[in-house]
2 protein chains.
Amino acid sequence: MITSQMLKGILEGCILAVISQKESYGYEISQKLSEYGFGSISEGTIYPLLLRLEKNSRIIPAYRQSGSGPPRKYYSITPQGAAELESFISGYRELSSAVDRLFSEMEAEK
Amino acid sequence: MITSQMLKGILEGCILAVISQKESYGYEISQKLSEYGFGSISEGTIYPLLLRLEKNSRIIPAYRQSGSGPPRKYYSITPQGAAELESFISGYRELSSAVDRLFSEMEAEK
DNA sequence: CACCTCTATTTTGCATTGCAATATAGTAAG
DNA sequence: CTTACTATATTGCAATGCAAAATAGAGGTG
């Protein structure tokens, strides 16, 4: 199981990654993350995070009507957001490599 | 750069992994993590985390004298700690797979 | 002796961030 | 009218990494 603590610091970058592919809105992003295998990300997590990214100019919103339900708030990534995404990706790869080294040494020990 | 937020929820499992290989103490663990590539983990992070793990019976301490400096507090892993480590590893692999899927789709998009 | 460096642990208080719970609201089916 | 699905926002809480400071032993330098 993916614990909520493990998502910290990862989720923000992943949401930037989703938006960088194609503009999207909160509800759709949470569905996509679920499809990727992140598990169910709650509304209380996703909306405050999007508002924070918007406030820090990592993404910009555009309201559009929807055929089924209230209007959607589509976000697209800004140059600053793209820069942060790149920095997140390199940081994640660094961490991932470190964990892999640790795990493989641990496996060898057995 | 590995941000402090990215370490949340990862670090605890990694410290359990280090201890599972061989009993160790705070100062040595922080050096090992640095060697693995986690960057410099501060004392304010490592010692409270070890005390928490000890309190929850994931590890047990044993004081031993050291030739150079104050006595060391060696920790070894308990059965509960080993169980939590396994659960952490499987959760981490889940998360890692999800991120990989997301990244590879993002790369393909370019 | 005084001072510095390295080893080693502990504690306090703070900042970040995921989440449950709740509120609000539009569309459509029964 | 009720239920269900879509869609966003807010409040308050819990978990955890970290800076900073205190304490302490051993060895070397001036």
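Details of the structure are given in the entry above.
Keep in mind that this is a model prediction, so the values were computed, not measured.

**Structural notes on the interface of chain B and chain A**
Taken together, the contact between chain B and chain A spans 35 residues of the former and 35 residues of the latter. For the pair chain B and chain A, the two sides together bury roughly 3400 Å², of which 68% comes from carbon and sulfur. Per-residue buried area on chain B facing chain A is highest for M6, Y36 and L102 of chain B; these three make up 20% of the total on that side. Our count for the chain B to chain A interface comes out at zero salt bridges. Counting only elements with at least two residues in the side of chain B that touches chain A, the list comes to α1 (4–7), α2 (11–21) and α5 (79–109) of chain B. Top element by residues in the side of chain B that touches chain A is α5 of chain B. It accounts for 19 residues.

**Here we look at the relation of the copies chain B and chain A**
It takes a turn of 180° to lay chain B on chain A, together with a shift of 0.0 Å along the axis; the resulting RMSD is 0.1 Å. Here the copies are linked by what is in effect a two-fold axis. Minimal C-alpha distance to the rotation axis in chain B is attained by K8 of chain B, lying at 3.1 Å. When you check the interface residues of chain B against chain A, 100% turn up at the interface there too, and the contact is symmetric in its surfaces.

**With respect to helix α4 (residues 43–55) of chain A**
Residue and element names in this part refer to chain A. Helix length check: α4, at 13 residues, gives a terminal C-alpha distance of 18 Å against a target of 18 Å (1.5 Å per residue), a fit within 8%. Looking only at α4, the buried set comprises I46, L49, L50 and L53. Down the axis of α4, the sector holding all buried residues measures 100°, keeping them to one side. Exposed residues on α4 whose side chains face more than 90 degrees from its buried face are E43, G44 and K55. Where α4 terminates, the next one or two residues include S57, which has phi positive at roughly 60°.

**Quick notes on the protein's contact with DNA strand D**
With respect to spatial proximity, 32 residues lie near DNA strand D, and among them Y27, R72 and K73 of chain A together with K8 and G44 of chain B are the closest. Among the atoms of DNA strand D lying within 4 Å of the protein, the sugar-phosphate backbone contributes 69%. Side-chain polar atom of Y47 of chain A to a phosphate oxygen of DNA strand D: 2.9 Å apart, as the coordinates give it. The backbone of G44 of chain B places a nitrogen or oxygen atom 3.0 Å from a base nitrogen of DNA strand D. Counting residues per element, the ones that place at least two in the surface near DNA strand D are α3 (26–36), α4 and β2 (72–77) of chain A together with α1 and α4 (43–55) of chain B. In the surface near DNA strand D, the residues fall into 13 nonpolar, 12 polar and seven charged.

**Let's talk about the protein's contact with DNA strand C**
The immediate surroundings of DNA strand C are formed by 32 residues, with K8 and G44 of chain A together with Y27, Y47 and R72 of chain B found nearest. When the atoms of DNA strand C within 4 Å of the protein are grouped by moiety, sugar and phosphate amount to 70% of the total. Here a sugar or linking oxygen of DNA strand C sits 3.5 Å away from a polar atom, N or O, in the side chain of Q5 of chain B. Between a phosphate oxygen of DNA strand C and a side-chain N or O atom of Y25 of chain B, the distance comes to 3.1 Å.

**A word on the nonpolar core**
I15, L33 and F38 of chain A together with I15, L33 and F38 of chain B are the most contacted members of the largest nonpolar core, which totals 64 residues. Look past the residues within four positions of I15 of chain B in its chain and what remains in contact with it is I29, L33, I46, L49, L50 and L53 of chain B.

**Considering the pattern of salt bridges**
Residue and element names in this part refer to chain B. According to the stated counting rule, one finds eight salt bridges over all chains in the structure shown. When the shortest N-O distance is used, the salt bridge between E23 and R64 registers 2.8 Å. Of this pair, E23 sits in the loop between α2 and α3 (26–36) while R64 sits in strand β1 (residues 59–64), placing them 41 residues apart in sequence.

**Here's the deal with the environment of S57 of chain A**
Residues and elements named next belong to chain A. With respect to the helices, strands and loops of the structure, S57 is situated in the loop between α4 and β1 (59–64). Given a relative accessible area of 32%, S57 falls into the partly exposed group. Placed 54 residues apart in sequence, S57 and T3 show a C-alpha to C-alpha distance of 29 Å. Apart from the residues lying within four places of it in its own chain, the contact partners of S57 are T78, Q80 and G81.

**Focus on α3 of chain B**
Residue and element names in this part refer to chain B. Taken together, the buried positions of α3 are G26, I29, S30, L33 and Y36. Within α3, the buried residues cover an arc of 120° as seen down the axis, which keeps them to one side. Exposed residues on α3 whose side chains face more than 90 degrees from its buried face are Y27 and E35. Immediately beyond the C-terminal end of α3, within one or two residues, lies G37, with a positive phi of roughly 110°.

Rules and cut-offs
Residues numbered from 1 in each chain as written. Chains lettered and ligands numbered in written order. Predicted model: local features only at pLDDT ≥ 70, side-chain atom pairs only at ≥ 80, totals over all residues. Heavy atoms only, no water. Contact = heavy atoms within 4.5 Å. Buried area = accessible area lost by both parts, 1.4 Å probe. Salt bridge = Lys/Arg side-chain N within 4 Å of Asp/Glu carboxyl O. Helix = DSSP H or I, 4+ residues; strand = E, 2+ residues; numbered from the N terminus. Least-squares fit on C-alpha atoms with pLDDT ≥ 70 in both. Expected span 1.5 Å × (residues − 1). Buried < 20%, exposed > 50% of the residue type's maximum accessible area, 1.4 Å probe, protein only. Arc of directions from axis to C-beta. Near = heavy atom within 4 Å. Polar contact = N/O pair within 3.5 Å; in protein donor to acceptor, adjacent residues only side chain to side chain. Nonpolar A, V, L, I, M, F, W, Y, C, P; charged D, E, K, R; others polar. Core = buried A, V, L, I, M, F, W, Y, C linked by side-chain atoms within 4.5 Å.

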